[in-house]
Amino acid sequence: MSIYAKLAYTLLGLFIVLNWGMLMSATFRKIVARVAGRHGIPFYQPWIDLIKNAGVRTTLSHGFMFYLGPVFRFTGAVGMFLFMPALFGSDMWSNFSFQGDLILLLYFQSFGMLGMAIGAGDGGHPHSTIGISRGLAQHAAIELPMILGVISLAIQYHTLSLNEIIAAQQGGFQHWTIFTNPIAGITLLLAALGAMGHSPFNLVKAPNEIPIGPPTEYHGTYLGVLMSSGAILHVIEAALFMNLLFGGATNWLEYIVKTFLIYFYSVFVGVVFPRFKIEQSVVWFFKIPLALGILAILIYSF
Amino acid sequence: MVSPIYIVAAALGVGFAIGVLGKLGKNFSGILALLTIGFMTFVSSEWLYAFYVGNQVPTYIFTAGFKPPISINLLMGPKEAFLTTMVNFIGLLGGIYLFFNFGRKGRNAYVVYMVFLMSLNVVIMTRDIFNLFVFLEISAIATAGLILIERGNRAVGAGFKYIIATSIISSILLIGIIFAYFYTGTLNIDGLVQAHLSTTATGGIAVFLIMIAAVLEMKPFPANGWGLDVYEGSHQGFSAVVSVATATASYYVLYKLLAIAGPVGSQWDYYLALMGAVTFIGSNLLGVKQKFARRLLAYSSIGQLGLLMLILGLRKYLGDNLDYVVLGILITNLFAKTGFFWLAGIVKAKTLKEWAIIRRKPFFLFLMGTFVFALIGFPPFPSFFAKWTMVMNLARQGGFGWIAVILIGSFLEAIYLFRWFGYAVKGEDTYKYDFNIRWHKITPIVILVAALYYAGYLTSQYTELGRMIDFIPLFFVLVLFAIDFLPVAVKNTIAILGMGTYFYFIYPDLDNLRLIFEVIFMVGGILTLIAGYAYKGKRSGFYPVAILMYAGLTGIIQAHTTLEFFFGWELMTAGSYFLIIRGKRSMPHALSYMLFSVAGAYAILAGFGIANIGQAFPSLDIMNNIQYFPNWAYGLLLIGFLTKTASVGLHIWLPGAHGEAESDVSPMVSAILLKAGVFGIVLALIGMSKSDFDLSALAYTLGWIGALTALFGNIGAVFQEDAKRLLAYSSIGQLGYIVFAFAIMTQLGWLTGFTYVINHFLYKAVLFLTVGAIVLRVGTHNMYEMGGLIKKMPWAFFAVLIGIIALSGVPPLSGFTGKWLFYNAIIEKGWYFQGVIAMFAGGIAFLYLYRLIQTIFLGQLKDNHRNVKEISIWFLIPIYTLLTGILVFSYEPQWVLKPLGNMIAQYFPNNGLHWEGSYAYSHLGYWTGAGVAATVSVVFVIAFILLKIMTRKAHKLEQFDIVFSGERPERPETTHIAYNMYAGFYKAVWPLTVPLVERFWTWMSDLVHETAGFVRRIYSGNGQAYMLHIILYIIILYFITIGGNI
């Protein structure tokens, strides 16, 4: 396949993921509203928001790094998409996954996060710093079960290549990692709760207590870019766990169904459990997820 | 050749003449006395020279025309020539130093002084035991008289105790002589030796009495209160002479009489070693608690006597090297201790803290530094070579316990000497009085210092190993000392040119492994030196010590032998100590750095000693496949190197030392110096990889140490308020990764290790240089006092941004190369849990990295920083050079990693990684540095351009144009979230931040101090108690040596 065709398919995939992500976040808000007894937004609200944000006439800037924050965030989201195969077994939809393996993905997650954090910091808003300090603390805690789970998988499959991990899970749901290596699977799913950032792990954004801060400072076009990045990341996070634990996807329908279920697993947990304080959430990851993660490796050590 | 009898004759003759010609005046008498001592020195040194040249045989001098045993005979051999020369030389300098002090007491003081020296000469030369007794008495009486040249009760008391004590000792000696004569019928020492006295029970009593007297002359701990009082109570000028000249003679008495006790390896050797060990450790332990300078010197002197006694007792182990070792220790002690006492006489500061006044005259500080480093046994002083030879020989013969004793005693000595030196260099100088320089007092000291350096050089040239040492860098250091008066720019240029030229000449001879480290040391050194142009004025003393450190660093790289390596290692330690202590609040941290370094160096020395067993030549290759006690040898070497890499447990010195150092020193000691420890670890591990033994437990332990270091270093960094301390803790963590990666001991592990080594050098230098330069601008280390500096220092901000992205391991910068290799290495090796801990530490790194950039550059600009400027261009040049390095290494990692892989293939099978273009493939995964970088860059640029177009009309906001909680901030302080930034995280992880290691070392330190404080109570100052000590000592020794065996 020529590089142009490859590029075209990749961009098309990105477009699908973006729109799917926007739809997913609208659905999320709808569900949360319904649980709370509210009517909620229409499912097309994100597109309206995007158009509105792009159309806002006044744009303000706190400085160069403030401006780079969304760029980092967007690059981080797109990069995550690029370095992960979208559909398994398809050369067209494999994106740029030939450039790196699972480790690249794990660490590239932080690219957007760190850049965004620095950009928001440049805004000088104290709430930004508070939110970021919590976010980083929680992120560090999530890393522990996450790495344990990933290493358990790497030992299980003797590879760090995401394509090969998916390949090993083909041939029926009984080959999915969640069934072949349930302990690592559960560990990763618990880590996924933190990674997706819904309640009880949403003190980072803390929608109620910190209603302003970055979202206020980043308005208009910036907000549009951030929300688009967020939409992509929602899907990509879910897709990562899909690929690791649930056999990946061989067509877009499977992709959409699986990412939806994984994403909504975290949403449903979120609407049931109240928010943790940051020290609670950090300690939470050091308990059951950590113990399971250690177990997941121990069973491969003997 | 002048007969040595003229030494005696001249002293006696002139002594009588002064009495007769007394009317000629004090000064004339004094000059006559000095001339006489000069003549004595000439006679003995003439003999020494003849022996040195090699055309002289030992000669007996028979007195009164008869041969022994009828008459007394003296012997002038090489040892006698050397010792009398030393005694007379020190005596001559002492005479000059004390010229006016004697003068004030009248001309008889000169006579007594001459007689004193003459008696020591005879004590050294005589072969007749009764004659020995007589001249010991003469010297004791003369000493008591000379103690009294100092006024005051203290001196009188000291003199009195001295007389009583020496009387007891003489009586015992005399009784011993009587017994010996009774059983053998001779008083000649050689005759007594042949009589084999100790073979009979009753002869054993004679030997016991003679030996105990000789031992007591050496002031053994704890029966030495009288000796301490003499050193402390008499005039400094004379304390020095007693401390060294008398001690030298006493040592030789013991040496001669030991022959009577039995041949080499007899029981008395062992007792002597034991008493020496107790004295060496005991005195130095008590010194630790001491606050007064002269008392401290007294403890040190007695400690050295103990060491000499110990060495003599260990002659079985040392064999032919005994004389070399004794010479090294003795000569250092002679010159350094004398000089130190005399310096104390000039500075006149009583307590150690008061010695802060010495730096008002920097040259005096140089003198003091020379003495301290010489006494501890640093290169290039003779004691360094002596200690080396001693440890090598002891290890070879299996005397490991004795090695421990010697090193522990030396370490205790290092504690108090470096604490004292720290007060001198950095203590608070709030004292009103000053000290004067008198030329007749300073000249002898300067002569001693010059002699010390020259003696060091001569000692090194005496052995084949020593001759291999490259002294050129050290010479360059001396040149820099000499031109220290020049302005900073000139010296900086000379230093850079010097390092550059040296590097140019040596780099073709280096293999790839050494080249990596040498580039970090030398190129890194030059880059950090460039930052030095930002400084104004003279920056006194900076360049010699900086180059001293680099001389040491290049020394360990170029070393072919373990001696060269250790030589370089110690030079580097000394240089870095001086660099670190230059910081404003560095005194305690420099001390702790030095003590860990000294202890580490001793571990290395012991390790080399064990490695050397059974080897013909101590080249560095002996570290490969050590045959005897390999776990101990490698373990000791690794512990030594781990002190330098500040691994957990041995890390407490680092945060303060690096955090408080000057702006351009921090990167030198962090980004560059720490790699010396890594280089050592790499050498040790290479050796282990070639071992026939299973050393995996050692590597496994090392791996855990590395992983835990990474974790605790990074957690420590998160909670720092001080930017430089944050970076310092970060270095601990990073070095933890490096240690861990090398401990894996596979190709991938080592590739990871080297990647981290290169990366850490690059980004830590960038971060420390930038933060250091910012500190120079804003005048504080505290991050919460900064903020918003991105507006003022965009270039610095960009540097830190790249630095933290690289450090955090986020793709596409070079930190990720390390992370990727790391995962592959740990999974391949199977070290999952250690690996996870290290990786978890990596996640924590985000916290402190964000804190660093946020609280310094982002957030709110403080009012007092509204006019600060961008950091100095002289800092920006090296910073951006290093940034280029980071970018190249990020985009084209294979340029470095491919040759590295081939190099590592020498040690480990080359199967971990292979390259196809820019694609790296391991057994587990794949990744391309260039590809990822290109992809990310393209997306980034597109996003950037799009956003720029869409927000082209963006309105620029002012600082306080933010709204939160319905408030509009007015002051930056209320809005800048920086202090205690990770309070929430702290609540979660505080159990991991409990400073258990600090508490452990504080506890250890308290233990040593409390023990010293407790034992010190035996020195009540009461003369009767001191005499009782002597008696008890004799009784106890009797039970130990003879007991009921008669």
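Rules of the game
Residues numbered from 1 in each chain as written. Chains lettered and ligands numbered in written order. Predicted model: local features only at pLDDT ≥ 70, side-chain atom pairs only at ≥ 80, totals over all residues. Helix = DSSP H or I, 4+ residues; strand = E, 2+ residues; numbered from the N terminus. Rg over C-alpha atoms; globule rule 2.2 N^0.38 Å. Buried ≥ 20, exposed ≤ 12 C-beta atoms within 10 Å, placed from the backbone. Contact = placed C-beta atoms within 7 Å. pLDDT = per-residue confidence, 0-100. Nonpolar A, V, L, I, M, F, W, Y, C, P; charged D, E, K, R; others polar. Pairing = 2+ DSSP bridges. Expected span 1.5 Å × (residues − 1). Axes fitted to C-alpha atoms, helices over the stretch in contact; angles between N-to-C directions. Parallel < 35°, antiparallel > 145°, perpendicular 65-115°, else oblique. Left-handed = near helix turned anticlockwise from the far one by under 90°. Core = buried A, V, L, I, M, F, W, Y, C linked by C-beta atoms within 7 Å.

S.K.: Describe the overall build of chain A, listing the residues and the values that go with them.
M.R.: When helices and strands are tallied, chain A shows 13 helices and one strand. Relative to its length of 302 residues, chain A is compact, with a C-alpha radius of gyration of 19 Å against a globular reference of 19 Å. When the backbone C-alpha atoms are referred to their principal axes, chain A occupies close to 60 × 50 × 40 Å. Every one of the 302 residues in chain A was classed for burial, and the buried ones make up 60%. Across chain A, the fraction of contacts at a sequence separation of at least 24, relative to all contacts at a separation of at least 6, is 80%.

S.K.: Tell me about the overall build of chain B, and please be specific about residues and values.
M.R.: Helix and strand counts for chain B stand at 43 helices and six strands. The C-alpha atoms of chain B give 32 Å as radius of gyration, which agrees with the globular expectation for 1046 residues (31 Å, within 12%). Overall size of chain B, expressed as C-alpha extent along the three principal axes, is 115 × 65 × 50 Å. For chain B, with 1046 residues in total, the buried portion stands at 62%. Here the analysis covers contacts within chain B between residues at least 6 apart in sequence; of these, 81% occur between residues at least 24 apart.

S.K.: Hey, could you go over the confidence of the model for chain B for me, with residue numbers and the actual values?
M.R.: Residues with a pLDDT of 70 or more make up 99% of chain B, whose mean pLDDT is 91. Model confidence for the complex: the whole-complex pTM is 0.93, and ipTM, which rates the interface, is 0.95.

S.K.: Can you break down unusual backbone geometry residue by residue, with the values?
M.R.: Residue A:Ser199 is joined to A:Pro200 through a cis peptide bond whose omega torsion reads 5 degrees. Position of A:Pro200 relative to the elements: it lies in the loop between helix 8 (182–196) and helix 9 (214–217). For the bond from B:Pro379 to B:Pro380, the omega torsion is 5 degrees, close enough to zero to count as cis. The residue B:Pro380 is located in the loop between helix 16 (362–376) and helix 17 (382–396) in this model. In this structure, B:Asn625 takes a positive phi of about 50 degrees despite not being glycine. Considering the arrangement of structural elements, one finds B:Asn625 in the loop between helix 26 (587–611) and helix 27 (630–644).

S.K.: Give me the lowdown on the interface of chain B and chain A, citing residues and values where you can.
M.R.: Listed as interface residues are 60 residues of chain B and, on the opposing side, 66 residues of chain A. Elements that contribute at least two residues to the side of chain B that touches chain A include exactly helix 34 (794–808), helix 35 (815–829), helix 36 (832–857), strand 5 (926–928), helix 39 (929–950), strand 6 (955–956) and helix 41 (983–989) of chain B. Here the residues of the side of chain B that touches chain A sort into 39 nonpolar, 16 polar and five charged. In this sheet, strand 6 of chain B lies alongside strand 1 (residues 60–61) of chain A in parallel orientation, the contact comprising two bridges.

S.K.: Give a detailed account of helix 9 (residues 201–217) of chain B, specifying residues and quantitative values.
M.R.: Each α-helix turn comprises 3.6 residues. Residues three or four places apart therefore point the same way. Between its terminal C-alpha atoms helix 9 of chain B stretches 24 Å, which fits the 24 Å expected from 17 residues at 1.5 Å a residue. Burial analysis of helix 9 of chain B places 15 of its 17 residues in the buried class, which makes it a mostly covered element.

S.K.: Describe in detail the pairing of strand 3 (residues 913–916) of chain B, supporting the description with residues and values.
M.R.: Residues and elements named next belong to chain B. Alignment of strand 3 against strand 4 (residues 919–922), held across four bridges, turns out to be antiparallel. From the neighbouring strand, Trp915 faces strand 4, where its bridge partner is Ala920. Hairpin connection, strand 3 to strand 4: the antiparallel pair is bridged by two residues, and Gly917 has positive phi, about 60 degrees.

S.K.: Can you lay out the sheet that holds strand 5 of chain B for me, pointing to particular residues and giving the numbers?
M.R.: Residues and elements named next belong to chain B. Strand order in the open sheet made by the three strands is 3-4-5, with antiparallel pairing throughout. Edge positions in the open sheet fall to strand 3 and strand 5, since each of these has one partner strand only. Mean inter-strand twist for the sheet, computed between neighbouring axes without regard to direction, equals 25 degrees. Here three bridges tie strand 4 to strand 5, and the two strands are oriented antiparallel to one another.

S.K.: Any chance you could break down helix 29 (residues 665–672) of chain B for me, citing the residues and the numbers?
M.R.: Across the eight residues of helix 29 of chain B, eight count as buried, placing the element largely inside the fold. Considered for burial, the residues of helix 29 of chain B that qualify are B:Val665, B:Ser666, B:Pro667, B:Met668, B:Val669, B:Ser670, B:Ala671 and B:Ile672.

S.K.: Run through the packing of helix 13 (residues 293–313) of chain B against helix 15 (residues 322–347) of chain B, naming residues and quoting values.
M.R.: Residue and element names in this part refer to chain B. Put simply, helix 13 and helix 15 touch, their axes get as near as 11 Å, and they point 170 degrees apart. With respect to helix 15, the element helix 13 is oriented roughly antiparallel. On the side of helix 13, the interface is formed by Ala293, Arg294, Leu297, Ser301, Gln304, Leu307, Leu308 and Ile311, while helix 15 contributes Val325, Val326, Ile329, Leu330, Asn333, Lys337, Phe340, Phe341 and Ala344.

S.K.: Outline the packing of helix 10 (residues 225–233) of chain B against helix 13 of chain B, supporting the account with residue identities and numerical values.
M.R.: Residue and element names in this part refer to chain B. Where helix 10 meets helix 13, the closest approach of the two axes is 8 Å, and the angle between their N-to-C directions is 135 degrees. By the criterion of interaxial angle, the relationship of helix 10 to helix 13 is oblique. The interaxial crossing formed by helix 10 with helix 13 has right-handed handedness. Facing Gly227, Leu228, Tyr231 and Glu232 of helix 10, the residues of helix 13 in contact are Arg294, Arg295, Leu297, Ala298, Ser301 and Ile302. Of the residues that constitute the contact of helix 10 with helix 13, the class distribution is five nonpolar, two polar and three charged.

S.K.: Describe the nonpolar core, listing the residues and the values that go with them.
M.R.: Nonpolar side chains in soluble globular proteins generally cluster together in the buried interior. Residue and element names in this part refer to chain B. Of all hydrophobic cores here, the largest spans 522 residues; its most connected members are Met114, Ile210, Trp355 and Leu847. At 20 residues, helix 33 (residues 747–778) tops the list of elements feeding residues into this core. Not counting the four nearest positions on each side in its chain, Met114 is found in contact with Ala11, Val14, Gly15, Ala33, Thr36 and Ile37.

S.K.: Explain the confidence of the model for chain A residue by residue, including any values.
M.R.: Residue-level pLDDT values for chain A average 89, and 96% of them are 70 or greater. Element-level mean pLDDT values for chain A span from 68 in helix 9 of chain A up to 94 in helix 7 (residues 177–180) of chain A.

S.K.: Report on the environment of B:Asp961, specifying residues and quantitative values.
M.R.: For B:Asp961, the location among the structural elements is in the loop between strand 6 and helix 40 (972–975). For the pair B:Asp961 and B:Val936, spaced 25 residues apart in sequence, the C-alpha separation works out to 33 Å.

S.K.: Give a description of the environment of A:Ser301 that names residues and reports values.
M.R.: The residue A:Ser301 is located in helix 13 (residues 288–301) in this model. Once the C-alpha coordinates of A:Ser301 and A:Ser152 are considered, the two residues, 149 residues apart in sequence, prove to be 9.6 Å apart.

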